[in-house]
Amino acid sequence: MNRESGVLMPIFSLASRFGIGCFSKEAFEFVDFLEKSGQGYWQVLPLGPTGYGNSPYQPLSAFAGNPYFISPEKLIEEGLLSWDDVNCMDFGGNQECVDYGKLYENRYKVLEKAYDNFLEKGEKKELDKYFKENAYWLEDYALYLVIKELQGGKSWTDWDKELRSRDKKVIDEIKKTNKKEMEFIYFQQFKFDEQWKALLEYAHKHNVKIIGDLPFYVAMDSADSWSHPEVFEMDKDFEPKSVAGCPPDAFSPTGQLWGNPIYDWDALKKDGYLWWIKRIERNYQWFDVIRIDHFHGFSEYYEIPFGDETAKNGKMKKGPGMDLFNALKKSLGELDMIAEDLGNTTEENVKLLKDSGFPGMKVLQYGFTSWDSCYVNHRHEKNCVVYTGTHDNTPTFAWVQEINEGERSFTRRYINSMNTDYGAFVWDIIREAYRSVADLCIIPLQDYLCKGKEARINTPGTAEGNWQWRLTPNYLSEDLARSIRLLSETYSRLPKASEE
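Residues numbered from 1 in each chain as written. Predicted model: local features only at pLDDT ≥ 70, side-chain atom pairs only at ≥ 80, totals over all residues. Heavy atoms only, no water.

### Some thoughts on empty space enclosed by the protein
And step 1. Scanning the model with the defined rule gives four cavities of 30 Å³ or more in all.
And step 2. For the largest cavity, the calculated volume is near 100 Å³.
And step 3. Together, 14 residues line the largest cavity, and Pro 46, Gly 48, Ser 61, Ala 62 and Pro 215 are the ones closest to its centre.
And step 4. For the lining of the largest cavity, the secondary-structure elements that each account for two or more residues are strand 3 (209-214) and helix 12 (274-286).
And step 5. Sort the elements by how many residues they give to the lining of the largest cavity and helix 12 lands first, with three residues.
And step 6. Residues that form the lining of the largest cavity fall into these classes: nine nonpolar, three polar and two charged.
And step 7. Considering only enclosed or pocket space, the second largest cavity measures out at about 90 Å³ in volume.
And step 8. As for the second largest cavity, its lining consists of 16 residues, of which Thr 390, His 391, Asn 393, Pro 444 and Gln 446 are closest to the centre.
And step 9. Looking at the lining of the second largest cavity, its residues break down into six nonpolar, eight polar and two charged. (1 Å grid on protein atoms, 1.4 Å probe; cavity = no way out; pocket = protein on both sides within 12 Å on 5 of 7 lines; lining within 4 Å. Points joined across faces, edges and corners; volume = space filled by probe spheres on them. Helix = DSSP H or I, 4+ residues; strand = E, 2+ residues; numbered from the N terminus. Nonpolar A, V, L, I, M, F, W, Y, C, P; charged D, E, K, R; others polar.)

### As for the packing of aromatic side chains
And step 1. Under the defined criterion, the tally for this structure stands at 53 aromatic pairs.
And step 2. On the basis of an interplanar angle of 55 degrees and a centroid distance of 5.6 Å, the ring pair of Tyr 130 and Phe 190 is categorised as tilted. One end of the pair, Tyr 130, is in helix 5 (residues 124-133); the other, Phe 190, is in helix 9 (residues 179-205), with 60 residues separating them in the sequence.
And step 3. Judged by relative accessible area, Tyr 130 falls into the buried class, the value being 7%. (Phe/Tyr/Trp six-rings, centres within 6.5 Å; stacked < 30°, edge-to-face > 60°. Buried < 20%, exposed > 50% of the residue type's maximum accessible area, 1.4 Å probe, protein only.)

### A word on the environment of Leu 257
And step 1. By the element assignment, Leu 257 lies in strand 5 (residues 256-261).
And step 2. The exposure class of Leu 257 is partly exposed, given its relative accessible area of 38%.
And step 3. Each C-alpha atom, one on Leu 257 and one on Glu 309, is 7.8 Å from the other, the two residues being 52 residues apart in sequence.
And step 4. Those residues within four positions of Leu 257 in sequence are excluded, and the remaining contacts are Val 243, Ala 244, Ile 304, Asp 308, Glu 309, Thr 310 and Ala 311. (Contact = heavy atoms within 4.5 Å.)

In structure tokens, the structure reads:
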């Protein structure tokens, strides 16, 4: 990895007239902004379809894309929609906040109209070709969504046994009677991939690479856990044997009960980790680099008996370690990955990171709240990625106000920002990230804009108010691009093709 820098900005946070950031002109304009700013990377959050809670880290599928990101504007350009079709729909009235309720009510109505027009234009051959290329996951995903709708939105673990166990006769009948509904879902994924590919190619043309995010676990209520029970620890009645979480500690006496299904690593090893190979291969169709969330889980993970109300009775288990990554490399070649290695570390975790060769993460906000932390600059190594904060942190402008006076004083002394106002203080912290020896520096867009807590993406442990912040239209100025570019020039982080 070359010495470069990039910006963390979720797709859903882009400015957009369509209620949520999507693959419209604003996404292409953001690539233009990155190029002007001397940035070589755009880091996004997971792109999967979201369910209750709207978290991209609990997607309904590990392979599908989020239909909300499909650009109505692009469908209009294709002649599949008119502006009247779109403008009559209410996607929410707050430019700075995603209204998921309005999107759920109205976005699919627009996409369905586009699908009907697509069929009238006689272009179904393209869709059939796409289905064949993605048959491994696409039919099961569509089936899962169709049955979920027929079951009133219930989790698959609450479906009747013949549906949970995928009884062939019952499933074949559902396929037969819901053919159009399933093909509508194929169409959504076809357009998602088509539009994302166009954006990815545009980014590459402008010397910008995309870093994508891969959740370690899948959601319990997902197409993956229903269609591939052999991948997870399930009993003969397709009930989970165990679920994921965190052990008790000083902050949580009963631990954390996440509820995700646990991988059956022994079974996965027997078939050469095929499901994981398919999953990673799919993500490399979208991204140049994959950031793996909860990397520690490959070394060791916490397993809780299914049905327990707390995490107290769980136990630590060994993960697949390098055996999985060796299988991935053998099948897919060299892996461009970033390991999310934050939190408690053990000898096993450290060894796996070293053996994998993947860069880990250094978050400056964590470094300035404890003495001589591994996250402060003088503890960095080249093979890592430095951040001011992540999507789970409050924006740095709010952070410098929320930390205590001792922490703030230490931070000011460390970065030599003694008499600055909070806005300049934030930019001095950004500068500290840029001057790090770390090969890659990623800054959340909110930090460049000195946004406060209103622009926080996610607050871990809370269920409300997350994944909603959006950028106001026309907020990215030429002056801001020049200021960011100057940082890239000063600290030798310009993308190679832009250095001349």
